[in-house]
Amino acid sequence: SAASDVYKRQVVEALSYDYGVGFGYQEFLFNILRYFKAHRAELHFASVKLACKSTDRHYFEFLEPEIEVSAFHVENTFHKYYILNTIGRRMNLRDSDTILFTNNYSALIKQCKHILVIHDLLYLRKDFMPNKIFRMQRRLFVPHSIKLADRIVAISRWVKSDIEKQFNISTSNKVQAIYNYFDFNKYNEGEPAKEIVSFCKHHEYFLAVSSNAKHKNLITIFKAFEEFSKTSSSVYLVLVGKLHGVLKEYYENLDRDVKARIRIFYNISNADLGCLYKYAKAFISATLFEGLGMPLVEAMYFNIPTIVSDIDVVREVTLNKAIYFSPKDTAKLCCLMKEEYPNRGIVAEIEELYSEKNTVKCYVELVNSFTK
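Reading the values: rules and limits
- Residues numbered from 1 in each chain as written.
- Predicted model: local features only at pLDDT ≥ 70, side-chain atom pairs only at ≥ 80, totals over all residues.
- Heavy atoms only, no water.
- Helix = DSSP H or I, 4+ residues; strand = E, 2+ residues; numbered from the N terminus.
- Rg over C-alpha atoms; globule rule 2.2 N^0.38 Å.
- Buried < 20%, exposed > 50% of the residue type's maximum accessible area, 1.4 Å probe, protein only.
- Contact = heavy atoms within 4.5 Å.
- Areas by Shrake-Rupley, 256 points an atom, 1.4 Å probe, with all protein chains shown as cover.
- Lys, Arg positive; Asp, Glu negative; His and termini not counted.
- Charge placed at Lys NZ, Arg CZ, Asp CG, Glu CD.
- Phe/Tyr/Trp six-rings, centres within 6.5 Å; stacked < 30°, edge-to-face > 60°.
- Lys NZ or Arg CZ within 6 Å of the ring centre and 35° of its normal.
- Pairing = 2+ DSSP bridges.
- Disulfide = S-S within 2.5 Å.
- Axes fitted to C-alpha atoms, helices over the stretch in contact; angles between N-to-C directions.

Undergrad: Before we go on, may I ask you to explain the overall build of the chain in this structure?
TA: Within the chain, the secondary structure is distributed over 16 helices and 13 strands. Here the C-alpha radius of gyration of the chain, 22 Å, is about what a compact globule of 372 residues would show, namely 21 Å. Seen through its principal axes, the chain has C-alpha atoms that stretch 70 × 40 × 40 Å. Within the chain, the fraction of its 372 residues that count as buried is 55%. Put simply, of all contacts in the chain between residues at least 6 apart along the chain, 66% involve residues at least 24 apart. Working note: accessible area of the chain is about 17,200 Å², and carbon and sulfur atoms make up 50% of it. Within the chain, one finds 50 positive and 43 negative side-chain charges whose respective centroids are separated by 5 Å.

Now the structure itself:
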């Protein structure tokens, strides 16, 4: 480090991390932390620290000694916000130090430099986010966090444009788009379960990988599959995710033969998921809103036919090379499910776009720019 960097500290804030909740955020966070640990010598700071809840400390211990883990006792959600807003004082931070806030909002009191990562502005879409408490919390925190931030990272170019539009940001370099890193090697770790391998090799199936959030619009896929089943009696639908609410009710009322051809997997290994992608007849997503859309990128990497929503962010992250339909058009999706699609050979482009040098390495360059 340069002499001027001796006293500067970098903090990565992960107080909102909850194990098993928000898989995309979890992948994003750990990919950055693993990269920071492996490339600690490239970070121009006297110390690099992680701030987390004491109940989560054990998930982050692997980062030490390169990254020091500072764990805080958090009693409940409101206490978490209190800790967040006093984090500068608790960690003795100075004006020259930097905090990377990793999950859409920051402390509302500024005691050092702020870098804010925004994954999406879903809370502004009431139709997609029925949870009032969630929307209220975001309305309280996000606008002020954006105002305080020295730099904002958006996880796609579409999110960048959405932030600039929603908050009338005209400063050209305040918001920067950096894609999330995709560690495609993770699918080669371990062996898939025998039952999954057997299913993949003996059945034709469409694959959906998604939470059951309202904006994910899984109901359209189920309706299209029900219609498709009238013309095919052998193809299955596989959902990797949970079934609840309106979707579960719809599933329970399906004809017994159709229901028998829907398989639901949850909490499976990366090897299992990789096997499901590899052998799928096609991947389907009818999402209405995304910040990036991790399963869309994964499906493109596995080079299987990828039938997805015709919305701007989806076209962006799939390089305009997927098969697109209007996400509420059940009949069109059903028609697309009947087609056969050629191999597109785009794996190298996907690997390059979401490689370390185009993603997590950019975070090193960004935080280092605050030491100059």
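Undergrad: Which parts of the structure should I look at to understand the packing of aromatic side chains?
TA: Ring pairs (aromatic) are described by centroid distance and by the angle formed between their planes. According to the stated counting rule, one finds 28 aromatic pairs in the structure shown. Centre to centre, the rings of Y17 and Y59 are 5.8 Å apart; their planes meet at 80 degrees, and the pair counts as edge-to-face. Of the two residues, Y17 is situated in the loop between β1 (9–13) and α1 (23–38) and Y59 in helix α2 (residues 57–60); the sequence distance between them amounts to 42 residues. The interplanar angle of 50 degrees and the centroid separation of 6.2 Å between the aromatic rings of F128 and F289 together place this pair among those described as tilted. Taken as a pair, F128 in the loop between β5 (113–118) and α5 (132–148) and F289 in the loop between β11 (282–284) and α12 (294–301) lie far apart in primary sequence, 161 residues in all. Taking relative accessible area as the criterion, F128 reaches 21% and is therefore assigned partly exposed. For F289, a relative accessible area of 6% gives the class buried. Here the guanidinium or amino end of K259 rests over the ring plane of Y251, the centre of that ring lying 5.6 Å away. Directly above the ring of Y324 sits R315, whose terminal nitrogen or CZ lies 3.9 Å from the centroid.

Undergrad: Could you clarify how one ought to interpret unusual backbone geometry in this entry?
TA: The phi torsion of most residues other than glycine is negative, and most of the peptide bonds are trans. The omega torsion of the bond from E64 to P65 falls at 5 degrees, within 30 degrees of zero and hence cis. Here P65 is to be found in the loop between α2 and β3 (68–72). Backbone geometry at N217 places phi at a positive 55 degrees, although glycine is not the residue there. Secondary-structure assignment places N217 in the loop between β8 (205–209) and α8 (218–228). A residue is classified by how much of its surface remains accessible, and N217, at 5% relative accessible area, is buried.

Undergrad: Before we go on, may I ask you to explain the pairing of strand β4 (residues 98–101) in this structure?
TA: It is a general feature of regular strands that their side chains alternate between the two faces of the sheet. Of the two faces of β4, the one holding T98 and L100 and the one holding I99 and F101 are both buried throughout. With four bridges connecting them, β1 and β4 associate as parallel partners. Bridge pairing links V12 to L100 in β4. As defined by bridge partners, β4 adjoins β5 across four bridges and the pair is classed as parallel. Counted as the bridge partner of I99 is H114 from β5.

Undergrad: Just to check I follow, could you spell out the state of the cysteines for this structure?
TA: Cysteine pairs can be covalently joined through their sulfur atoms, and such a bond is termed a disulfide. Considering all chains together, one arrives at zero disulfides under this definition. C200 takes part in no disulfide bond, and the closest cysteine sulfur to it belongs to C275, at a distance of 3.7 Å. The buried category is assigned to C200, whose relative accessible area is 4%.

Undergrad: For this particular structure, what's the right way to read the sheet that holds β11?
TA: Backbone-to-backbone hydrogen bonds pair the strands of a sheet. The strands run either parallel or antiparallel. The six strands lie next to each other as β10-β9-β8-β11-β12-β13, forming an open sheet whose pairing is parallel. In the strand order of this sheet, the two ends are held by β10 (262–265) and β13 (323–325), each with one partner. Mean inter-strand twist for the sheet, computed between neighbouring axes without regard to direction, equals 25 degrees. As paired strands, β11 and strand β12 (residues 306–309) are joined by two bridges and run parallel to one another. Bridge pairing in β12 links F283 to T306.

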